[in-house]
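Survey of secondary and tertiary structure
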Amino acid sequence: MKKQVETQSKTIRIMGYDISNLPQQTQFIFVASLALVSWVLYGYLQELLFKIWKFPYNWFHALLQFIFYTIVAFIENNGVRGNFSRQTSLKWHLSIALGLLGTRCFGNFSFKYLDYTTKTIIQSSTSLPVMIFGIILVRRSYSAIEYIASIMMFFGIVLFATVDAETNAEFDSLGIILAVLSVITDAGKTAIQERIFATSRSTPQEVLLWSNVLGLIIILPLCVINGELFPGLVYAYNHPGIIFLDIPLFFIGYLATSASLVCVKISGALVSSVISLTRKFL
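In this report, we go over the structure that sits alongside the text. Here the structure is a predicted model, which is why all the values come from computation and not from measurement.

Within the secondary structure, Gln65 is located in helix H2 (residues 58-81). Assessed through its relative accessible area of 1%, Gln65 is described here as buried. In terms of polar contacts, Gln65 uses its side chain to reach the side chain of Tyr42, at 2.8 Å.

Turning next to empty space enclosed by the protein. Counted according to the given criterion, the structure contains two cavities of 30 Å³ or more. In this structure, the second largest cavity encloses a volume near 40 Å³. If you trace the second largest cavity, you find it lined by Ile96, Leu100, Lys189, Gln193, Val207, Leu208, Ser211, Asn212, Thr257 and Leu261. Elements with a minimum of two residues in the lining of the second largest cavity: helix H3 (90-110), helix H7 (173-199), helix H8 (204-225) and helix H10 (240-267). Here the element with the most residues in the lining of the second largest cavity is H8; it accounts for four residues. Partitioning the lining of the second largest cavity into residue classes produces five nonpolar, four polar and one charged.

Our next topic: the packing of helix H5 (residues 127-138) against H7. Orientation of H5 relative to H7, taken along the N-to-C sense of each, is 40 degrees, at an axis distance of 8 Å. Considered as vectors, H5 and H7 are oriented oblique to each other. In this structure, H5 meets H7 at a crossing whose hand is right-handed. In this structure, H5 uses Pro129, Val130, Phe133, Gly134, Leu137 and Val138 to contact H7, whose residues at the interface are Val183, Ile184, Ala187, Gly188, Ala191, Ile192, Glu194 and Arg195.

What counts and what doesn't
- Residues numbered from 1 in each chain as written.
- Predicted model: local features only at pLDDT ≥ 70, side-chain atom pairs only at ≥ 80, totals over all residues.
- Heavy atoms only, no water.
- Helix = DSSP H or I, 4+ residues; strand = E, 2+ residues; numbered from the N terminus.
- Buried < 20%, exposed > 50% of the residue type's maximum accessible area, 1.4 Å probe, protein only.
- Polar contact = N/O pair within 3.5 Å; in protein donor to acceptor, adjacent residues only side chain to side chain.
- 1 Å grid on protein atoms, 1.4 Å probe; cavity = no way out; pocket = protein on both sides within 12 Å on 5 of 7 lines; lining within 4 Å.
- Points joined across faces, edges and corners; volume = space filled by probe spheres on them.
- Nonpolar A, V, L, I, M, F, W, Y, C, P; charged D, E, K, R; others polar.
- Axes fitted to C-alpha atoms, helices over the stretch in contact; angles between N-to-C directions.
- Parallel < 35°, antiparallel > 145°, perpendicular 65-115°, else oblique.
- Left-handed = near helix turned anticlockwise from the far one by under 90°.
- Contact = heavy atoms within 4.5 Å.

Spelled out as structure tokens, the structure:
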């Protein structure tokens, strides 16, 4: 990267709470712990919805998630800035929106074929693609130890998938492909977020708002075209328990995403992906 922006926004907020005055180490421990706990809870609720309750409309569910995130981000962003101006190019927010769309849709679809443990382990292999995208987009350099650890982790995931295919009767290669696509889109999205924070004064709240607004604009016509919008509405009306589960699911997911974004801002994309990796041990 030719030039890093020297004067970045010093205020760091998460869900309206200003943590700027905390020591940097305390900031990291707080947001990392919040992200870790939230992602674990989010994953279990996701499995309950798609694997156990077998919610059939993945695109419709992603649409509801974009709507919820947009509303909360709108409220939060107004509290942080008092307006909705952008500090970075719309094309980068659009790139993140596409990454969000891929991550959510591929991830939701993969639950039809994989259990929570398998999906989580595969999604924990994001460090290597994050490093690749970081080199391309942010001109990041990494140590030899980071390269070795990421490569070993990647081959460990390959080994796990191979063993699982031989021993698990429910194993489905399509589920693996969908989970891997979710990992790639998530890694690209995270690297772009790091680039935005490194080259502009954008806040995590701005990124959340604009990426979800653009994602909502993209996914709404897709839901109409693929025929999930109206059947999804009917299904949600006839199964109100789904909505009651979605509210805590979306809130916890938003909290996890917000904490992860702050982590990217203060520590970088690779550290954020390592925090995500830690959840597989819980």
